[in-house]
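Residue strings, one per chain:
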Amino acid sequence: MSEASMVRYEKPTENIARVVMARADKHNAINPQMIFEINDAFNKALYDDQVKVIILAADGRNFSAGHDITETVEQYQAAIQAQPNKVGTWSGFQESETHGWYAAEKEGYLETARRWRNLSKPTICAVQGKCIAGALIFPWVCDLIIAARSAQFSDPVVDFGVSGVEWLAHPWELGHRKAKEFLFTADSWSADEAWRLGMVNHVVDNEELENFTLEMAKKIAKKPAFALKLAKEAVNKTQDIQGQANAIDAAFSLHHLCHTQNFRQFGWGMDPTNTPSLANVPKKTK
Ligand code: ZN
């Protein structure tokens with residue numbers, strides 16, 4: 001947790017904030033430090049009344065490789081415990097097995113994602129390269145998604161013995177039938193396919209991503225701030241009334257049923273036997 005900052009805060013214009021994941025050497029792998037630095041940066045943009053639109057972007061070739069699975073369960077849990085500005089209401093982050101892991105993921109993934117989804121200002125996510133599993137949470141909680149042609153989206157966690165990432169918005173983002181295919185096959189889908197399914201607003205050439213996203217933000221930033229906030233709230237409330245929040249909570253419980261099964265079988269929350277890339281990942285040590 002003593003690493004240098006993993007997130008950069010920029011203001012390309014006085015009305016626009018850009019929050020940039022700056023861990024390109026690790027393909028912007030997500031750990032608690034990054035999550036809470038993003039949360040802090042979002043708060044900075046949220047409470048700056050000059051800022052009307054917030055961009056979330058990432059340095060490097062890939063948007064994000066997903067959760068940083070080179071960290072042990074204990075490291076993750078201790079990092080959550082150490083955060084001074086938690087967003088949720090849970091506790092017991094360093095308890096053993098299901099108790100602690102449920103608490104830590106609820107704080108680190110579910111409650112942070114929900115908070116970001118409900119930020120009162122319009123958010124735009126710019127995605128290039130790979131966006132894998134836990135990384136999907138970031139564009140999905142934003143209001144608009146601009147994808148570079150290089151973007152590729154996947155959630156291969158069924159291979160790890162888990163039912164889907166912690167924020168199971170797949171049916172809302174892809175439609176129910178394609179959501180099942182996405183999960184069952186663990187295939188990686190292109191920017192064009194994501195656009196065809198309505199998950200992505202625009203697909204642009206790779207070198208145009210930053211500029212196109214900024215121009216979109218500028219266009220939105222010319223509108224009245226209160227109307228923008230209420231337009232966002234109106235659409236979010238529609239999804240809430242349709243049951244999105246409850247569905248995501250229910251799916252989070254199923255996600256943890258998988259983790260519990262894996263803890264019993266393998267001693268940690270994922271199945272390493274079916275996924276060669278997990279063979280050398282540090283396991284839960286206690
Ligand atoms: Zn999990």
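Refer to the preceding data block for the structure.
Residues numbered from 1 in each chain as written. Predicted model: local features only at pLDDT ≥ 70, side-chain atom pairs only at ≥ 80, totals over all residues. Heavy atoms only, no water.

**Let's talk about the side chain of Thr123**
Note the following rule: Numbered from the N terminus, helices here are DSSP runs of H or I no shorter than four residues, and strands are runs of E no shorter than two. Any two residues having at least one pair of non-hydrogen atoms within 4.5 Å are treated as being in contact.
In this fold, Thr123 is placed in strand β4 (residues 123-127). Beyond its immediate sequence surroundings of up to four residues, Thr123 is in contact with Ile54, Val141, Cys142, Asp143, Leu144 and Lys232.

**Things to note about the packing of aromatic side chains**
Put simply, the rule reads: Ring pairs shown here join Phe, Tyr and Trp side chains whose ring centres sit within 6.5 Å, with only the six-membered ring taken for Trp; geometry is labelled stacked below 30 degrees between planes, edge-to-face above 60, and tilted in between. Exposure classes here rest on a 1.4 Å probe applied to the protein chains alone. A residue is buried below 20% of its type maximum, exposed above 50%, and partly exposed in between.
Under the definition given, this model contains 7 aromatic pairs. Centre to centre, the rings of Tyr76 and Tyr109 are 5.5 Å apart; their planes meet at 40°, and the pair counts as tilted. Here the residue Tyr76 occupies a position in helix α2 (residues 73-82), and Tyr109 occupies one in helix α3 (residues 97-117), the gap between them amounting to 33 residues. Taken as a pair, Tyr76 and Tyr109 share a single burial class, namely buried.

**Digging into unusual backbone geometry**
A positive phi angle is found at His27, which is not glycine, with a value near 50°. Mapped onto the elements, His27 comes out in the loop between β2 (16-21) and α1 (32-46). Assessed through its relative accessible area of 34%, His27 is described here as partly exposed. A positive phi angle is found at Asn28, which is not glycine, with a value near 55°. Secondary-structure assignment places Asn28 in the loop between β2 and α1.

**Section: the packing of α1 against α3**
What counts here: Where helices are involved, their axes are fitted lines through C-alpha atoms of the stretch in contact, as for all axes, and angles between N-to-C directions lie from 0 to 180°. Throughout this description, any angle smaller than 35 degrees is read as roughly parallel, any larger than 145 degrees as roughly antiparallel, any in the 65 to 115 degree range as roughly perpendicular, and the remainder as oblique. Whether a crossing is left-handed or right-handed is set by the direction in which the near helix is turned from the far one by less than a right angle, anticlockwise for left-handed and clockwise for right-handed. Any residue outside Ala, Val, Leu, Ile, Met, Phe, Trp, Tyr, Cys, Pro, Asp, Glu, Lys and Arg is labelled polar, Gly included; the first ten of those are nonpolar and the last four are charged.
Where α1 contacts α3, the axes come no closer than 11 Å and their chain directions differ by 20°. Between α1 and α3, the angle falls in the class roughly parallel. Viewed along their axes, α1 and α3 form a crossing whose handedness is left-handed. Residues Ile35, Phe36, Ile38, Asn39, Phe42, Asn43 and Leu46 of α1 lie in contact with α3, whose contacting residues are Glu107, Gly108, Tyr109, Thr112, Arg115 and Trp116. Among the residues forming the contact of α1 with α3, the class breakdown is 7 nonpolar, 4 polar and 2 charged.

**Some points on the coordination of the zinc ion**
Ideal geometry at a metal gives 109.5 degrees between four tetrahedral donors and either 90 or 180 degrees between six octahedral ones. Basically, it comes down to this: Donor selection uses N, O and S atoms within 2.8 Å of the metal (3.2 Å for Na, K and Ca). Since no water is included, sites may look incomplete.
Only Glu105 (OE), Glu105 (OE), Glu166 (OE), His255 (NE2) and His259 (NE2) from the protein coordinate the zinc ion, and they sit 2.0 to 2.3 Å from it. In primary sequence terms, the donor set of the zinc ion follows E-x60-E-x88-H-x3-H. One end of the pair, Glu166, is in the loop between β7 (152-154) and α5 (170-174); the other, His259, is in helix α10 (residues 244-266), and 93 residues separate them in sequence. Judged by its relative accessible area of 3%, Glu166 is buried. Take His259: its relative accessible area is 4%, and that puts it in the buried class.

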